[in-house]
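Residue-level listing of the chains:
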Amino acid sequence: MSIDRRALIGLFAASAATALAGCGGGGDYQSPPTRFVWVLNVNPDFVSVDVSFNSTRVATAMPFESLTLPIEVEFGTYTIGLRDRGPSGRNLLFDGFNVDNYSPSIEVFYRKGTSARLGASPSGIVNYFDSPELLVAELDDGTGFVQTTVLPFEGSAPQASQSLNCRLRLRRASDGVLVYDSGLRRRSGAIVIYPADPVLGFVGVVGLDYSFSDATAVRWPNIL
């Protein structure tokens with residue numbers, strides 16, 4: 001059955017161990033295979049957003065800079081809806097979102113100009129900071145190795161070091177001015193850069209760790 005014909009396949013809860021036995025394409029299926037997916041809201045124009053898969057609402061009033069609870073979805077193709085609960089009341093629909101064993105675990109809701117986009121969160125560093133300015137990312141692994149990468153908007157790069165800790169600094173490529181410094185942080189599998197507010201242009205960063213069955217998001221404050 002589709003997600004629309006259930007009250008909810010599941011926001012991950014106490015029955016997770018049972019649910020995971022049939023999750024991710026393994027085992028002898030009595031019902032269609034499912035996957036856990038998440039949506040991360042880093043669009044500063046949407047301070048509170050409802051999330052739906054087709055016509056089933058899966059998150060209500062999700063704040064800016066937050067990650068949904070795990071959403072268990074049957075394999076298939078969906079339309080993801082995002083509705084602003086703020087004054088604009090905008091309702092956005094993103095068609096053709098595919099869920100299978102190879103689809104991304106986390107989708108990132110972000111801003112581009114006056115529009116909004118939904119994109120995958122790759123492992124490594126990804127720049128969803130809404131600006132024509134290139135960012136120079138300096139990722140220090142604390143052992144003397146510093147990875148330097150120039151990131152255009154919507155650009156990404158893998159992390160060269162797998163050390164447990166790291167420090168991220170971001171500079172404007174045009175003049176080298178330091179605009180963000182995370183201080184020492186526990187390294188995350190994915191580091192997402194985005195606007196921290198709708199007007200002033202400050203940089204925000206979220207560290208993500210995720211698998212087929214679990215995901216966490218931690219905001220890294222700017223220590224400048």
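Residues numbered from 1 in each chain as written. Predicted model: local features only at pLDDT ≥ 70, side-chain atom pairs only at ≥ 80, totals over all residues. Heavy atoms only, no water.

## Quick word on the overall build of the protein
Thought 1: If you tally the helices and strands in the protein, you get one helix and 18 strands.
Thought 2: Counting over 224 residues, the protein shows a buried share of 47%.
Thought 3: Partitioning the contacts of the protein with sequence separation of at least 6, the portion at a separation of at least 24 is 58%.
Thought 4: Total accessible area computed for the protein in this model is approximately 10,400 Å², and 54% of it derives from carbon and sulfur atoms. (Helix = DSSP H or I, 4+ residues; strand = E, 2+ residues; numbered from the N terminus. Buried < 20%, exposed > 50% of the residue type's maximum accessible area, 1.4 Å probe, protein only. Contact = heavy atoms within 4.5 Å. Areas by Shrake-Rupley, 256 points an atom, 1.4 Å probe, with all protein chains shown as cover.)

## A few points about the sheet that holds strand E3 (residues 56-63)
Thought 1: Here four strands make up an open sheet; going across it, the order is E3-E2-E6-E7 and the pairing antiparallel. Where the open sheet ends on each side, the last strands, each with one partner, are E3 and strand E7 (91-99). Adjacent strand axes in the sheet meet at a mean angle of 20° when their direction is disregarded.
Thought 2: Where strand E2 (residues 48-53) and E3 come together, five bridges link them in antiparallel fashion. Bridge pairing links Val 51 to Ala 59 in E3. (Pairing = 2+ DSSP bridges. Axes fitted to C-alpha atoms, helices over the stretch in contact; angles between N-to-C directions.)

## Examining unusual backbone geometry
Thought 1: Positive phi, normally seen in glycine, also occurs at Asn 54, with a value near 50°.
Thought 2: Positionally, Asn 54 belongs in the loop between E2 and E3.
Thought 3: Using a relative accessible area of 29% as the deciding quantity, one classes Asn 54 as partly exposed.
Thought 4: Phi at Ala 61 is positive, roughly 55°, even though this residue is not glycine.
Thought 5: Structurally, Ala 61 is set in strand E3.

## So, the sheet that holds strand E17 (residues 203-210)
Thought 1: Strands sit in the order E13-E10-E16-E17-E18 across an open sheet of five strands; the sheet is mixed. Every interior strand has two partners, whereas the edge strands, strand E13 (156-157) and strand E18 (215-220), have only one.

## Details of the nonpolar core
Thought 1: Ranked by internal contacts, the top residues of the largest apolar core, which has 21 residues, are Val 51, Phe 53, Val 73, Ile 80, Leu 82, Phe 109 and Leu 118.
Thought 2: Those elements giving two or more residues to this core turn out to be strand E1 (34-41), E2, E3, strand E5 (71-74), strand E6 (76-84), E7 and strand E9 (115-120).
Thought 3: Considering every element that reaches this core, the biggest residue donor is E7, with four residues.
Thought 4: Residues within four places of Leu 82 in sequence aside, it is in contact with Val 39, Phe 46, Val 49, Asp 50, Val 51, Arg 90, Asn 91, Leu 92, Phe 94, Phe 109 and Leu 118.
Thought 5: Judged by nonpolar contacts, the second largest core, of 18 residues, contains Phe 36, Tyr 110, Tyr 128 and Ala 190. (Core = buried A, V, L, I, M, F, W, Y, C linked by side-chain atoms within 4.5 Å.)

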